[in-house]
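Chain residues, written in single-letter form:
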Amino acid sequence: MANKVIYAVYDDPEVLKGAARKLVTAGYTVRDVFSPFPVHGLDPIIGIKRTRLGIAAFMFGITGTSLALLGMYYMMIYDWPMNIGGKPNDFFYQNIPAFIPVTFEFTILCACHGMAITYLIRNKTLPGMPARNPDPRSTDDKFIIELRTEDNHGRSAEDITGLLRGTPVFEINERQC
Amino acid sequence: MQHEAAIREPLILGHKTYHDITHDIVSPIENKAPRAWYVLLAIAALIAGYGVFCIMYLLSKGIGTWGLNKTVDWAWDITNFVWWVGIGHAGTLISAVLLLFRQKWRMAVNRSAEAMTIFAVIMAATFPLIHMGRLWLGYWVFPLPNQFGSLWVNFNSPLLWDVFAISTYFSVSLVFWYIGLIPDFATIRDRLTKPSWKKAYSILSFGWTGNAKAWTRFEEVSLVLAGCATPLVFSVHSVVSMDFATSIIPGWHTTIFPPYFVSGAVFSGFAMVLTLLLVMRKVMKLESYITIKHVEYMNIVIIVTGSIVGVAYITELFISWYGGVEYESYAFINRATGPYWWSYWAMMTCNVVSPQVFWFKKLRTNLVFTFFMSIVVNIGMWFERFVIIVTSLHRDYLPSSWSMFHPTWVDAGIFIGTIGIFFTLFLLFARYFPVLALNELKSILKSSGESYKNEQTHHPHH
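The rules we used
Residues numbered from 1 in each chain as written. Chains lettered and ligands numbered in written order. Predicted model: local features only at pLDDT ≥ 70, side-chain atom pairs only at ≥ 80, totals over all residues. Helix = DSSP H or I, 4+ residues; strand = E, 2+ residues; numbered from the N terminus. Rg over C-alpha atoms; globule rule 2.2 N^0.38 Å. Buried ≥ 20, exposed ≤ 12 C-beta atoms within 10 Å, placed from the backbone. Contact = placed C-beta atoms within 7 Å. Domains from an automatic or database assignment. Core = buried A, V, L, I, M, F, W, Y, C linked by C-beta atoms within 7 Å. Nonpolar A, V, L, I, M, F, W, Y, C, P; charged D, E, K, R; others polar. Pairing = 2+ DSSP bridges. Axes fitted to C-alpha atoms, helices over the stretch in contact; angles between N-to-C directions. Parallel < 35°, antiparallel > 145°, perpendicular 65-115°, else oblique. Left-handed = near helix turned anticlockwise from the far one by under 90°. pLDDT = per-residue confidence, 0-100. Expected span 1.5 Å × (residues − 1). Arc of directions from axis to C-beta.

Thoughts on the overall build of chain A
The secondary structure content of chain A amounts to 5 helices and 6 strands. Listing the helices and strands of chain A from first to last along the sequence gives β-α-β-α-α-β-β-α-β-α-β. The C-alpha radius of gyration computed for chain A amounts to 26 Å, which surpasses the reference 16 Å derived for 177 residues by more than 25%, pointing to a less compact arrangement than a globule. Principal-axis analysis of the C-alpha atoms gives chain A an extent of 80 × 30 × 30 Å. Out of the 177 residues belonging to chain A, those deemed buried represent 39%. Taking as baseline every contact in chain A between residues at least 6 positions apart, the subset at least 24 positions apart corresponds to 75%.

See the structure below:
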């Protein structure tokens, strides 16, 4: 039997959430949900784990802090120490207060850009990538649940559509995949 | 779903559906631009062109074509730099600080305010670069390995901190803005039918899909970027103020500068946001989204930050007397009664006295009056920077080197030119970019939209 993909289209985020909960309670696996804006509270229902992007940002941030301090130590203290305005650059600790602003800025720079690049790569959103949303209305006013028969063993497409018809669904589309 | 107290005024007026929001924001991009847009763009581009000509003239002849002299060696250039950076701050404040405070009204204004930030910071960065005189050596501000005997940049100098602060601020603002734009570009991509346009927005939208995991990541990125941008925006103008405060010039050497500069920046930035949005909401018919309530909120920010600035002026004045340093006292007496008295009193009137009228609800909800006031505040804040820079420099410790600053046509041309470039960029933004954050507005429609709120009031157990 060919695998089928079913798109259930809803027109309200709350209704969609109700339908997703009903599907999951009945033991179905939801492949994905497409929506024009974030639907709060949906992730735990369809089993999406918390993103670790925040941790990545922190790692990029401390990398920035270390690089900034190391670079300033090398340039100002080790490579070419100078007496500037009566403030000699003999020791790192003496110069630390003047290094705080650049350390801070460089931390933010690395954290933000590192996180943004990670985000774009993880989402597969890069210049020239093709759009993969199943229906152009999903970026306008429709909320779409994607289910696949391959994820729901022992259940036919008819089982799934039958259950979906019991929810206030806007329309159901079925495709071969 | 999140419910909102019925007593709060709705943020989206009328009976809008999700599709209406898409339609209202995307149709100006699809349709032909109105004639007024072409007229405004032509005027702005003409002024911008004159500005570029003046910059080219300056670069070919040298900064002797400015009115600077040995005593007043920072004048309009740095005034304009600080003014433009300050204007930029409102965009970040709206999009980042108000995001952290979960202020929903930001959603109708953040996109254009951030655009304003980016364009204003570009204008700001122009001034220190052209002030170097040799623009082609501009990269010397970065700590690059070189052949000049390992001569590194001086990390003890606030001027170098500024290089890091401004470049970080610009690039982070740009990324923050663009990440918010990606889903909205996808909306435009999926709506447009003309193949060439569809292709263009398809490239801009980076292939955004809008699946559940992508939105989770989107929200996380927005939150963390807002969390980073908030201390960043405060640091940027603090560092700008340290360009002055770490020197020993009377009138500059004060510890009050960082907070005072930051609130002044927010003050002028909100004024510029109002100048732009009051016109934009009318021309693009966005009255349902940028409501009187939004304008009132912004006017409240203006009165708060304006009052902080007023307190700072008076504190500065008091300390110059109380501190008992005669050079410091003279600097302030000279500001108020010396040859530049008119700029001091223009600053005081525009920034301290005039925003106080916003205590009257009638005035802060009056759009024409608000527009007028936004211009007044912009002028006042320009004078603030002029007063701080020029009047402090023109008479310092050595009376024999006292001098005056007289701007030349090149000074004026470059300043007016940057206003032209700024408006050219903003007009292009308003034509081709989604001017409101579509995805954010849709997410608050059911909780803050007028018709939905009314339904909730009638059926509290909905």
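Focus: the overall build of chain B
Scanning chain B for helices and strands turns up 16 helices and 0 strands. Whereas a compact globule of 462 residues would reach a radius of gyration of roughly 23 Å, chain B reaches 24 Å, a difference of no more than 12%. For chain B, the proportion of contacts with a sequence separation of at least 24, taken over those separated by at least 6, is 84%.

Observations concerning the environment of Leu 164 of chain A
Residue and element names in this part refer to chain A. Residue placement: Leu 164 occurs in helix α5 (residues 157-165). Assessed through the 22 C-beta atoms surrounding it within 10 Å, Leu 164 is described here as buried. Not counting chain neighbours up to four residues away, the residues in contact with Leu 164 comprise Ala 8, Val 169 and Ile 172.

Remarks on the domain arrangement of chain A
We note that the domain assignment places domain 1 (4-49 + 142-176) and domain 2 (53-122) within chain A. Put simply, the middle of domain 1 of chain A and the middle of domain 2 of chain A, counted by C-alpha atoms, are 47 Å apart.

Here's the deal with the nonpolar core
Ranked by internal contacts, the top residues of the largest apolar core, which has 189 residues, are Ala 20, Cys 112 and Met 115 of chain A together with Val 172, Phe 270, Val 273 and Leu 441 of chain B. The element best represented in this core is helix α5 (residues 158-191) of chain B, accounting for 18 residues. Of the residues that make up this core, three or more belong to each of domain 1 (4-49 + 142-176) and domain 2 (53-122) of chain A. Every residue in contact with Met 115 of chain A, bar those within four places of it in the chain, is listed here: Leu 53, Ala 56, Ala 57 and Phe 60 of chain A together with Val 221 and Val 224 of chain B.

A closer look at the interface of chain A and chain B
With 57 residues of chain A at the contact, the number on the chain B side is 52 residues. Secondary structure elements with two or more residues in the side of chain A that touches chain B: β2 (32-34), α2 (43-46), α3 (53-79) and α4 (92-122) of chain A. Ranked by residue count, the leading element in the side of chain A that touches chain B is α4 of chain A, at 17 residues. Grouping the amino acids of the side of chain A that touches chain B by side-chain chemistry returns 35 nonpolar, 11 polar and 11 charged.

A look at the sheet that holds strand β1 (residues 4-10) of chain A
What links the strands of a sheet is backbone hydrogen bonding, and the strands pair in either a parallel or an antiparallel sense. Residues and elements named next belong to chain A. Pairing in this open sheet of 4 strands is antiparallel, and the strands run β2-β5-β1-β6 from one edge to the other. Of all the strands in the sheet, the pair left with one neighbour each is β2 and β6 (171-176). Across the sheet, the mean angle separating the axes of adjacent strands is 20° when strand polarity is ignored. Looking at chain direction, β1 and strand β5 (residues 143-148) are connected through 6 bridges and run antiparallel. For Ile 6, the partnering residue across the bridge sits in β5 and is Leu 147. Strands β1, β2 and β5 of the sheet are contacted by helix α1 (residues 13-25), whose axis makes an angle of about 20° with β5. The strands that α5 touches are β1, β5 and β6; relative to β1, the one it contacts most, it runs at about 5°.

Things to note about the packing of helix α3 (residues 76-100) of chain B against helix α13 (residues 367-394) of chain B
Between two packed helices, what matters for the description is the angle formed by their axes and the separation of those axes. Residue and element names in this part refer to chain B. Two elements in contact, α3 and α13, have axes whose closest approach is 9 Å; the angle formed by their N-to-C orientations is 140°. Overall, the two elements α3 and α13 adopt an arrangement that is oblique. Classified by chirality, the crossing of α13 by α3 is right-handed. Note on element contacts: α13 touches α3 through Met 381, Trp 382, Arg 385, Phe 386 and Ile 389, opposite Ile 78, Thr 79, Val 82, Trp 83 and Gly 86. Each residue belonging to the contact of α3 with α13 can be placed in one class, and the counts come to 7 nonpolar, 2 polar and 1 charged.

Quick look at the packing of helix α11 (residues 341-353) of chain B against α13 of chain B
Residues and elements named next belong to chain B. Their axes nearest at 8 Å, the elements α11 and α13 cross at an angle of 145°. Pair α11 / α13 crosses with left-handed handedness. Where α11 abuts α13, its residues Ser 343, Tyr 344, Ala 346, Met 347, Cys 350 and Asn 351 lie against Val 376, Val 377, Ile 379, Gly 380, Met 381, Phe 383, Glu 384, Phe 386, Val 387 and Thr 391. Considered class by class, the residues forming the contact of α11 with α13 number 11 nonpolar, 4 polar and 1 charged.

Remarks on the pairing of β1 of chain A
Residue and element names in this part refer to chain A. In terms of residue burial, β1 counts as a mostly covered element, since 5 of its 7 residues are buried. Inspection of the sheet shows β1 paired to β6 by 6 bridges, in the antiparallel sense. Bridge pairing in β6 links Tyr 7 to Asn 173.

Observations concerning the confidence of the model for chain B
Residue and element names in this part refer to chain B. Scored by pLDDT, chain B has a mean of 89; 97% of the residues are at 70 or more. Here helix α16 (residues 450-458) stands out as the least confident element of chain B, with mean pLDDT 67; helix α14 (residues 409-432) is the most confident, with 94. Both scores are given for the predicted complex: the pTM is 0.91, the ipTM 0.91.

Brief notes about helix α10 (residues 326-337) of chain B
Residues and elements named next belong to chain B. Between its terminal C-alpha atoms α10 stretches 16 Å, which fits the 16 Å expected from 12 residues at 1.5 Å a residue. Those residues of α10 that fall on the buried side of the exposure criterion are Ala 331, Phe 332, Asn 334 and Arg 335. For α10, the buried positions fall inside an angular range of 160° around the axis, keeping them on one side. Along α10, exposed side chains directed more than 90 degrees from the buried face belong to Glu 326 and Thr 337. Residues of α10 that are buried make contact with α9 (292-322), α11 and α13.

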